[in-house]
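A look at the structure
So you can see what is in the structure, the chains are spelled out below.
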Amino acid sequence: MLVGERQSDLIGQTDLLRIPSLSDLTGCDIFLKCEFQNPGGSIKDRAAKQLIEDAMERGELKPGMTVVEGTAGNTGIGLAVVAKAYGLNMLAVMPNDQTPEKERMIRLHGGELMAVDPVPFKNENHFYHTARRLAEERDDCWWANQFENTSNARAHYLHTAPEIWEQMNGNIDVFVSVAGTGGTIGGNSKFFKEQDSTIDVWLADPDGSGIYEFLKTGEYVSHGGSMTEGIGIMRLVDNFKQAKIDHAVNLPDQDLVTISRYVRDHDGIVLGSSSALNVAAALAAALKKGAGQRIVTFACDLGERSASKLYNPEYLRGRELSPEPEAIDALFERYRSLGDKVLNVSWNND
Ligand SMILES: Cc1ncc(COP(=O)(O)O)c(C=O)c1O
């Protein structure tokens, strides 16, 4: 149990939960690091805390200043929580196609929100460039830059991974993670590989993201789109560059419907969409490698952040997805025959 002086002191030290249903079905132990327990409700609280604390220590950021960041939402919420703890203001620049659930939380935490049209990265009005420009224009603003500022991956290297290592008694076979900035997979995989180079690191990628294709061919190419938010990227950024990856798998949104309903109905866990992708990829790893594996992944946030998309039948139908989950046996069968769709990654970033 933590005793904190400020709310940001309560970030981290999250619990680890074995998912009973899928563990029993696969004969593996599939663990979820419960990052929804952070005060801002997601794994991005960790990056927010490290980004702000490192900048304050360097003297770049002082009480009374405004933190500016381009965000899909969760980083904005995390930064708003940490900003308040240190007497800072928060301005989040967010594309206006993300779930309103996250916009609301930024405002509830006292953050200011600037919603912009979603445009490709090369467009100067992309949320990333808009945040940078706003911060450059004003002396009292500081740009967090979660993509290139490696305090992000450092949060996971210094805290998340050592917590998991201790909770798992240093006994991990497979580590599975999605990637947005790559801070999570970067910091955790670096730590795990230093402890035990045989730990098998899996990246889970949604449609619409170029990471899987980058790891396969060296080019960022994407196919289709995804309802997931905050994950997938079309460029190589400094936090992702730290990642040590052995396997990558691309899985479709329809599988997130199946996994999220199965885990909700059997275990009472309401996964957010990126977490459903993590669990789907953990299942793919379990079925490829066979019984007895100890697999760890994240519940990055809870399904309440995805309520208007993943758990909304009307929205799903609008994306030509079925709100009806596939039978779990059928999904198992498909995952058993993923074959070379599970990429053996040879990308070397040493
Ligand atoms: C719900 C959720 N999951 C996963 C991620 C990806 O984490 P990272 O940026 O560390 O790669 C994000 C990032 O915003 C997120 O909001």
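Up top is the structure.
Residues numbered from 1 in each chain as written. Predicted model: local features only at pLDDT ≥ 70, side-chain atom pairs only at ≥ 80, totals over all residues.

**A word on helix H2 (residues 44-58)**
Look at H2: 21 Å from first C-alpha to last across 15 residues, which is about the 21 Å you get at 1.5 Å a residue. Along H2, the residues that are buried comprise Lys44, Asp45, Arg46, Ala47, Ala48, Lys49, Gln50, Leu51, Ile52 and Ala55. At its buried positions, H2 is contacted by strand E3 (66-70), helix H3 (74-85), strand E6 (141-143), helix H6 (151-167) and helix H7 (183-195). Once H2 finishes, Gly59 follows within two positions and takes phi at roughly 85°, a positive value. (Helix = DSSP H or I, 4+ residues; strand = E, 2+ residues; numbered from the N terminus. Expected span 1.5 Å × (residues − 1). Buried ≥ 20, exposed ≤ 12 C-beta atoms within 10 Å, placed from the backbone. Contact = placed C-beta atoms within 7 Å.)

**A word on the sheet that holds E3**
If you trace the four strands from one edge of the open sheet to the other, you get E5-E4-E3-E6, paired in parallel fashion. Each edge of the open sheet carries a strand with a single partner, namely strand E5 (112-116) and E6. Strand after strand, the sheet turns through a mean of 20° between neighbouring axes, direction not considered. Note that strand E4 (residues 89-95) and E5 share five bridges and pair parallel. Following the sheet pairing, Val93 is matched in E5 by Met114. In the packing of H3 onto the sheet, the strands contacted are E3 and E4, and the crossing angle to E4 comes to about 175°. (Pairing = 2+ DSSP bridges. Axes fitted to C-alpha atoms, helices over the stretch in contact; angles between N-to-C directions.)

**Some details on the site of the ligand**
Inspection of the region around the ligand gives 18 residues, with Gly180, Thr184, Gly230, Ser274 and Cys300 positioned closest. Of all the secondary structure elements, the ones that give two or more residues to the shell around the ligand are H3 and H7. Broken down by class, the residue content of the shell around the ligand amounts to five nonpolar, eleven polar and two charged. A domain split of the shell around the ligand shows at least three residues from each of domain 1 (7-37 + 153-336) and domain 2 (43-143). (Near = placed C-beta within 6 Å. Nonpolar A, V, L, I, M, F, W, Y, C, P; charged D, E, K, R; others polar. Domains from an automatic or database assignment.)

**Some remarks on the pairing of E4**
For E4, the buried fraction is high: five of the seven residues fall into the buried class. Bridge count for E3 against E4 is five bridges, and the pairing is parallel. Counterpart to Glu69 in the pairing with E4 is Ala92. You can see the chain leave E3, run along H3 and come back into E4, and the turn it takes is right-handed. The parallel pair E4 and E5 is bridged by helix H4 (residues 100-108), and the resulting crossover is right-handed. (Right-handed = clockwise from strand over helix to strand, strands pointing away.)

**So, the environment of Leu51**
Looking at the secondary structure, you find Leu51 in helix H2. The sequence separation of Leu51 and Asn149 amounts to 98 residues, and the corresponding C-alpha distance is 7.5 Å. Beyond its immediate stretch of four places on either side in the chain, Leu51 contacts Ala144, Gln146, Asn149, Ser151 and Asn152.

**Focus on the environment of Arg133**
Residue placement: Arg133 occurs in helix H5 (residues 127-137). Arg133 sits in the partly exposed class, given 14 other C-beta atoms within 10 Å. Here the alpha-carbon distance between Arg133 and Val68, two residues 65 residues apart in the chain, equals 9.8 Å.

**Considering the nonpolar core**
Ala280, Ala281 and Ile295 are the most contacted members of the largest nonpolar core, which has 70 residues in total. Here the element with the most residues in this core is helix H10 (residues 273-289); it accounts for eleven residues. The contact partners of Ala281, leaving out residues within four places of it in the chain, are Val176, Trp202, Ala204, Val249 and Leu251. Within the second largest apolar cluster, 30 residues are counted, among which are Ala55, Val81, Val82 and Leu91. (Core = buried A, V, L, I, M, F, W, Y, C linked by C-beta atoms within 7 Å.)

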